[in-house]
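Reading the structure
Okay, here's what each chain looks like letter by letter:
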Amino acid sequence: MKYTFEAMKDEEKLVSTSKICSIIDGFADYNKRLTLVYGKIKALFGQPVYESENLENLFSYCVMATPEDGESVYLEVYCAGSGPAIGGRHNEACEKAAKALVDYIWQAEPADYEQKGYYMDGPTVLEFGIKNGVPYYNESELHLSEEEFRELYEKLC
């Protein structure tokens, strides 16, 4: 079934959502695939409803999925601790639309962007993005005092 997908700038359409499926499977080359997927999502849907530097709560989009012969459903494209995923209601319409959305995302050409994010359990900082169509990422360990760590944690969480 064919769908059209449209980014909504209003998260109010995301009532009672939970994870339907992941966009990235497995952890091999995870940071490289995260960088690429986020560039594809940005190319398709522009700026997210929200974005943060917390890599376990990086972004959220509200996407309306409309099948050619049916009623629209609302999905969330987000990146949390388990990685980039599609969320929505657990019913047949949302699950079919989520699978189609994953395929749609993977077929897109990525947009150039740059981002900085933190994993607080490392703690590490990841500088990543796409430049001239080529994904890059640099991860480094943070050496913070207890006070600096607390300030960063309060900012992100």
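Quick caveat: nothing in here was measured; it's all calculated off a predicted structure. (Residues numbered from 1 in each chain as written. Predicted model: local features only at pLDDT ≥ 70, side-chain atom pairs only at ≥ 80, totals over all residues. Heavy atoms only, no water.)

**Observations regarding the confidence of the model for the chain**
Here the chain averages 90 in pLDDT, while 96% of its residues score no lower than 70. Across the chain, element-level confidence peaks in helix α2 (residues 92–107) with a mean pLDDT of 97 and bottoms out in helix α3 (residues 146–156) with 84. (pLDDT = per-residue confidence, 0-100. Helix = DSSP H or I, 4+ residues; strand = E, 2+ residues; numbered from the N terminus.)

**Let's talk about the environment of Ala 97**
Tracing the backbone shows Ala 97 in helix α2. For Ala 97, a relative accessible area of 0% corresponds to the buried category. Residues Ala 97 and Leu 144, spaced 47 residues apart in sequence, show a C-alpha to C-alpha distance of 44 Å. (Buried < 20%, exposed > 50% of the residue type's maximum accessible area, 1.4 Å probe, protein only.)

**What about the packing of aromatic side chains?**
For the coordinates displayed, the defined rule picks out eight aromatic pairs. Judged by centre distance (5.8 Å) and plane angle (70 degrees), the rings of Phe 59 and Tyr 61 are edge-to-face. Since its relative accessible area comes to 1%, Tyr 61 is described here as buried. One aromatic cluster in this structure is built from Tyr 3, Phe 5, Tyr 38, Phe 45, Phe 59, Tyr 61, Tyr 104, Tyr 113 and Phe 128. (Phe/Tyr/Trp six-rings, centres within 6.5 Å; stacked < 30°, edge-to-face > 60°.)

**Quick word on the side chain of Gln 115**
Relative to the assigned elements, Gln 115 resides in strand β7 (residues 113–119). Of the residues examined, Gln 115 reaches a relative accessible area of 12% and is grouped as buried. Separated by 3.4 Å, the side chain of Gln 115 and the backbone oxygen of Ser 52 make a polar contact. Setting aside chain neighbours within four positions, we find Gln 115 in contact with Tyr 38, Glu 51, Ser 52, Leu 58, Leu 126, Glu 127 and Phe 128. (Polar contact = N/O pair within 3.5 Å; in protein donor to acceptor, adjacent residues only side chain to side chain. Contact = heavy atoms within 4.5 Å.)

**Examining the packing of helix α1 (residues 30–45) against α2**
Axis separation between α1 and α2 bottoms out at 8 Å; the angle between their running directions is 100 degrees. In terms of orientation, α1 and α2 fall into the roughly perpendicular class. Here α1 contributes Leu 36, Val 37, Lys 40, Ile 41, Leu 44 and Phe 45 to the contact with α2, which in turn contributes Leu 101, Tyr 104, Ile 105 and Trp 106. For the contact of α1 with α2, the residue count by class is nine nonpolar, no polar and one charged. (Axes fitted to C-alpha atoms, helices over the stretch in contact; angles between N-to-C directions. Parallel < 35°, antiparallel > 145°, perpendicular 65-115°, else oblique. Nonpolar A, V, L, I, M, F, W, Y, C, P; charged D, E, K, R; others polar.)

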